[in-house]
Structure formats: structure tokens, C-alpha cells
Amino acid sequence: RVYLVRSAPVSDAEKPVFMLVLRDVSEARRIDRMRSDFVANASHELRTPLASLRGYIETLQGPAKHDVKAQERFLPIMLDQATRMSRLVDDLMSLSRLEAKAHLPPDQTVTLNALLGHVRDSLLPLAEDLEVSIHLFMPEEPVTVNGDKDELVEVFENLIENACKYGSEGGKVEVYLKPLSPSGAEVSVVDHGPGIPSEHVPRLTERFYRVSVADSRSKKGTGLGLAIVKHILTRHRARLSVKSEVGQGTTFTVRF
Ligand code: ADP
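Just so you know, these numbers come straight off a predicted model, no measurement behind them.

## Overview of the overall build of the protein
Item 1. Counting secondary structure elements, the protein contains five helices and nine strands.
Item 2. Along the protein, helices and strands appear, N-terminal first, in the series β-β-α-α-β-α-β-β-α-β-β-α-β-β.
Item 3. The C-alpha radius of gyration of the protein comes to 25 Å, more than 25% above the 18 Å expected for a compact globule of 256 residues.
Item 4. A principal-axis box enclosing the C-alpha atoms of the protein has dimensions of 90 × 65 × 35 Å.
Item 5. Counting only residues that meet the buried cut, the protein has 36% of its 256 residues in that class.
Item 6. Long-range pairs, those at least 24 residues apart, make up 67% of the contacts in the protein between residues at least 6 apart in sequence.
Item 7. Taken as a whole, the protein presents about 16,000 Å² of accessible surface, with 54% of it coming from carbon and sulfur.
Item 8. Each charge class in the protein can be summarised by its mean position, and for the 34 positive and 35 negative side chains these summaries are 6 Å apart.

Structure below.
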């Protein structure tokens, strides 16, 4: 953007002074574009299940009003759509909560051994459904980091859930915890699933990005999980790295 600024002359005799101001607004434009893309994506993701839900309600109010078979068939689908919308709204709220406190450093001492055990336990029902076993490999001594417990639970729930969902249906997921010297820790979540083609890997943490290979699209998800993970880890000054080989599996590693 270019601005031409003219000084106000103090007296009639004084000549006005002009000043040319050049301002680089590309970063502001980029952020604006990201915001409007985000709103458009979020609205689109909500609109699809809403439209479908309205369609079913109209059918159940009209032609299928007394059709018990149709009701039995449609109600679980409707519940599914409502659940999908709740998940999306929860994820959107998580993101905006995180954005609001991005500048505050987390201040709890978190013992990763206990936290990972808790996350594994909370994912057991899902793992059982998918016939996946989750194995933890952790040292005896406690490994601690500075962090926010709830947020770190969210990080590892996301990574381990993804490994179960996309990585290893019917297989096993391994989680390794290692202390780093002189301080810090590393957690790796390993699956032996279909892997992620390399062109997708740099985009995994973008909001709403989902890889459409094989049956990954049919799995329930919002495409916001890894965006949330990245936000949390940035606040924790931790790094996320991904190693994946098609046909071999994927490893997500968090380094504190
Ligand atoms: P969601 O799971 O809600 O779709 P995420 O942001 O958690 O969103 O993941 C983005 C995409 O990355 C997923 O849709 C999936 O295609 C891919 N992905 C994530 N983890 C794995 C994994 N362990 N193996 C294969 N693909 C994965």
C-alpha cells in the first residue's frame, strides 16, 4: 500500500511538504485470507451434516411419519451427524481457546509416564473396537516436563487415536517415552499401518487437512486434530516431527 501524506502549511509563505509512505501488507493480507478460508471451511463442514439432518427430519415428519422401519434406519444416522457436529464445534472451541492463551507459557510439572498411562486407558474402548492393542514403553523413573496437563492429554489422545484409526486397524500401536539429557523428553507414537504419502506430510497440521488415500476419508474426523496438536506444542516450545513410509507405517514424535 502506498500513501501520499501532505503536511499542513503553518503559514501562507511555507511550502507544503509531501511524504510517500510504503507499507508492506502482504503478511496482514495472508492472515486475512487464512481467517476467511478458515471461516469458509468451518461453515462448509457444519453445513453438510446440518443439511443432511434437516433432510431426515423432513422425511420423518412427512412421508415416513408412520414408517417404523425408516425411523429405525434414519435415527442412528441422525445421531451420527449430530455427533459429527459436536465434535467439530468442540475442536473449533479448543482452537480458539488455545489462540487466546498462546502467549502464556504453561506452568505445571507434568509426569509423562502417568499421563500416557491415563491416555492409553481412556482410548482402550476405541482400541478394542478397532482391534488394536496399545503398548507403552516407558522407563521406571518419572519423566517430567513443564506443561499444561489437560493440553498434553489432548496432544497424546489425538496422536494415539490417529494411530489406532488410520494406522493399524487390527494391529498394534507402540508409544515410547524417553528422557533427554540434560533435560526434556521425547514421546514417539508408532503405527505399522498404510503410511502417509510424502506429499501430504508437510500439510498434516493445516486446519481441515485430511489425506484422501484408501479408506482414510471414511474414518470419522474433523481434520482439526493435528492443527490443535501443533498449537499446543508451540505453546509448550515442543516440536512435532513425522516420519512415514507408505506400506510400512508412521511415527509421530514430540520433543520437549
Ligand atoms: P482427523 O483425524 O480429524 O481427520 P487430524 O488433523 O488428526 O484430523 O489428521 C489429519 C489427517 O492426517 C487424517 O485425516 C489422516 O488422513 C492423516 N493421518 C493422521 N495420522 C495418521 C496416521 N497415523 N496414519 C495415516 N494417516 C494419518
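## Let's talk about helix α2 (residues 68-100)
Item 1. Counted at 1.5 Å a residue, the expected span for α2 with its 33 residues is 48 Å, and the 48 Å between its end C-alpha atoms agrees.
Item 2. Turning to α2, its buried residues number three or more, namely Ala70, Phe74, Met78, Gln81, Met85, Leu88, Asp91, Leu92, Ser94, Leu95 and Leu98.
Item 3. Buried residues belonging to α2 abut α1 (26-61), α4 (149-167) and α5 (225-235).
Item 4. Looking at where α2 begins, the residue whose side-chain oxygen comes 3.1 Å from the main-chain nitrogen of Lys69 is Asp67.

## Quick look at the pattern of salt bridges
Pairing between side chains becomes possible if they bear opposite charge and their charged atoms approach one another.
Item 1. In total, this model carries 14 salt bridges according to the counting rule given.
Item 2. Its salt-bridge partner being Glu151, residue Arg235 comes within 3.0 Å of it at the nearest N-O pair. With a gap of 84 residues between them, Arg235 in helix α5 and Glu151 in helix α4 connect regions that are remote in the sequence.
Item 3. For Arg235, a relative accessible area of 10% puts it in the buried group.
Item 4. One salt bridge in this structure joins Lys165 and Glu161, with 3.9 Å as the shortest N-O distance. Residue Lys165 and its partner Glu161 are both found in helix α4; the two are separated by four residues, about one turn of the helix.
Item 5. Lys165 gets classed as buried once you look at its relative accessible area, which sits at 12%.
Item 6. Each member of the salt-bridge network shares a partner with another, and the members are Lys101, Asp148, Glu151 and Arg235.

## Overview of the confidence of the model for the protein
Interpreting fine coordinate detail is not advised for predicted regions of low pLDDT.
Item 1. Across the protein, pLDDT averages 91, with 98% of residues at or above 70.
Item 2. Scoring of the predicted complex yields 0.81 for pTM and 0.98 for ipTM.

## Describing the packing of aromatic side chains
How two aromatic rings sit relative to each other is set out by the distance from centre to centre and by the angle between their planes.
Item 1. Applying the stated criterion across every chain yields a total of four aromatic pairs.
Item 2. Summarising the aromatic geometry, the rings of Tyr56 and Phe74 are spaced 4.9 Å apart at their centres and angled 50° between planes, so their arrangement reads as tilted. Of this pair, Tyr56 sits in helix α1 while Phe74 sits in helix α2, placing them 18 residues apart in sequence.
Item 3. On the basis of relative accessible area, Tyr56 is assigned to the partly exposed category, the value being 21%.
Item 4. When the ring centre of Phe38 is taken as reference, the NZ or CZ atom of Arg207 above it lies at 4.5 Å.

## Side note on the layout of surface pockets
Item 1. In this structure, the second largest pocket spans a volume of roughly 720 Å³.
Item 2. Lining the second largest pocket we find 22 residues, and of these Met34, Phe38, Glu99, Arg207 and His231 sit closest to its centre.
Item 3. Every element with two or more residues in the lining of the second largest pocket is listed here: α1, α2 and α5.
Item 4. In terms of residue count, the dominant contributor to the lining of the second largest pocket is α1 (seven residues).
Item 5. Classifying every residue of the lining of the second largest pocket gives nine nonpolar, five polar and eight charged.

## Considerations on the pairing of strand β8 (residues 239-245)
Item 1. Alignment of β8 against strand β9 (residues 249-255), held across seven bridges, turns out to be antiparallel. Counted as the bridge partner of Leu240 is Val254 from β9.
Item 2. Counting the residues between successive antiparallel strands, the hairpin from β8 to β9 contains three residues, one of them, Gly247, with a positive phi of roughly 90°.

Here is what the cut-offs are and how they apply
Residues numbered from 1 in each chain as written. Predicted model: local features only at pLDDT ≥ 70, side-chain atom pairs only at ≥ 80, totals over all residues. Heavy atoms only, no water. Helix = DSSP H or I, 4+ residues; strand = E, 2+ residues; numbered from the N terminus. Rg over C-alpha atoms; globule rule 2.2 N^0.38 Å. Buried < 20%, exposed > 50% of the residue type's maximum accessible area, 1.4 Å probe, protein only. Contact = heavy atoms within 4.5 Å. Areas by Shrake-Rupley, 256 points an atom, 1.4 Å probe, with all protein chains shown as cover. Lys, Arg positive; Asp, Glu negative; His and termini not counted. Charge placed at Lys NZ, Arg CZ, Asp CG, Glu CD. Expected span 1.5 Å × (residues − 1). Polar contact = N/O pair within 3.5 Å; in protein donor to acceptor, adjacent residues only side chain to side chain. Salt bridge = Lys/Arg side-chain N within 4 Å of Asp/Glu carboxyl O. pLDDT = per-residue confidence, 0-100. Phe/Tyr/Trp six-rings, centres within 6.5 Å; stacked < 30°, edge-to-face > 60°. Lys NZ or Arg CZ within 6 Å of the ring centre and 35° of its normal. 1 Å grid on protein atoms, 1.4 Å probe; cavity = no way out; pocket = protein on both sides within 12 Å on 5 of 7 lines; lining within 4 Å. Points joined across faces, edges and corners; volume = space filled by probe spheres on them. Nonpolar A, V, L, I, M, F, W, Y, C, P; charged D, E, K, R; others polar. Pairing = 2+ DSSP bridges.

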